[in-house]
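# Structural description and commentary
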Amino acid sequence: MELTAGLGSVDDYIRYIEAGADECFCGYIPYAWDRKYGTVLSLNRREVRCCSVQLGAFSELEILAAMVRAYQKPVQLTFNSLYYLPQQYPEIAETIQKCMEIGFWDYIIADPALILYLRQQKIGCRISLSGEVGEINSAMTGLFEQMEISRIIFPRKMRPKDMAVVAQACAKRSPGLENMKYEAFALNELCQFSGAFCNSLHCDEMGYLCRVPYRVGVGKSQRKDSILIDHKEWDDTASSREYTSEARQCGGTWDSPESDFDAPILGESGCGLCALYDLGQAGITHLKIVGRGNHPDRMVEDIRAMKRALEILDASKDRETYQKRMKQELFLSGCSKNCYYLPANL
């Protein structure tokens, strides 16, 4: 499995690649888009300028493209809004074509209409189906088979065994999809919302709803015959856990006594490391380390930890051996308990 890391600044690309990232992803919002549409009509749902969350100038993309050519590690550009206005599609297509001209061929897209529009316009970029689409079963992913999708990014709250069912069903239904790539969240930003149904804004003008502390519980009254998943099995055990906010505030100093970044706990804002064995068995090819807006020093540590986890996974014969070694070698400051994939749901 390869690592894809969230990039908030051009300055951090080399650090992340040298730490072990196999690729990066980042947002790009031209100033002209901001000036014309503001933050309400979002381009990638990250309309943040107060800290390093995305690129805002084409000149930055040109610098990043030169780095990509030198290091041969690709960067995906994100267009994660759930929908756009009809007049915005030609503008987005023009932006993508300009980016392709300087070497950016890979895009993460959440709006099915935009994907269809790009294909109708014969724009041959490589498209990863964003986890914000909510592709939670094989029937849903089947809708995109004719749109030449190169990767499916599964949502945060999907179980590894359901990811496996989707991958197997796609390969069985369409032999041409047997080499499809699949991506799952692995570290950071365990959001309480499902992206496909979230209409909150991430912008400078207001606080993010996903940074509000919350409690998650599973009620025993939950329908067992849920039509949203391929599996008939359903965990009937009620559970409730406290979570901290989705992401750390921007700014601060790594070694400052007052800093949020002192004595960090691995995966404290969302962790799927214990599930890597099951994700590998499910056919996952890429692991996402969310990081746009995170402190770059913290991101470097996360990437190194993930590389070490994969080394432990390669040397482990089964899930129990892997998880035992993980606790002994990686979770030295304790477990965050903010698990993407609960053990009962693996």
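In what follows, the structure referred to is the one given above.
Residues numbered from 1 in each chain as written. Predicted model: local features only at pLDDT ≥ 70, side-chain atom pairs only at ≥ 80, totals over all residues. Heavy atoms only, no water.

What follows covers the state of the cysteines. One pass over the full model with this rule turns up zero disulfides. For C271, which is in no disulfide, the shortest distance to another cysteine sulfur is to C274 and amounts to 6.2 Å. (Disulfide = S-S within 2.5 Å.)

What follows is about the packing of aromatic side chains. For the coordinates displayed, the defined rule picks out nine aromatic pairs. With a centroid separation of 5.6 Å and an interplanar angle of 5 degrees, the aromatic rings of F154 and Y182 are classed as stacked. Note that F154 is positioned in the loop between β7 (149–153) and α7 (160–173) and Y182 in strand β8 (residues 181–187), a separation of 28 residues in sequence. Between Y340 and Y341, the ring centres sit 5.9 Å apart and the planes meet at 35 degrees, which makes this aromatic pair tilted. (Phe/Tyr/Trp six-rings, centres within 6.5 Å; stacked < 30°, edge-to-face > 60°. Helix = DSSP H or I, 4+ residues; strand = E, 2+ residues; numbered from the N terminus.)

The next point concerns the pairing of strand β6 (residues 126–129). Here strand β5 (residues 106–109) runs beside β6; their pairing, made up of four bridges, is parallel. Residue pairing across strands places Y107 opposite I127, the latter belonging to β6. Taken together, β5, helix α5 (residues 112–120) and β6 form a β-α-β motif whose crossover is right-handed. Two elements, β6 and β7, share three bridges in a ladder whose sense is parallel. The partner of I127 across the bridge, within β7, is I149. (Pairing = 2+ DSSP bridges. Right-handed = clockwise from strand over helix to strand, strands pointing away.)

We now examine the pairing of strand β4 (residues 75–79). Taken across its five residues, β4 has five buried, putting it largely inside the fold. Burial along β4 is two-sided: V75, L77 and F79 facing one way and Q76 and T78 facing the other are all buried. Pairing between strand β2 (residues 23–28) and β4: four bridges, direction parallel. Across the sheet, G27 pairs through a bridge with T78, a residue of β4. What joins β4 to β5 is helix α4 (residues 88–101), and the crossover it makes is right-handed. (Buried < 20%, exposed > 50% of the residue type's maximum accessible area, 1.4 Å probe, protein only.)

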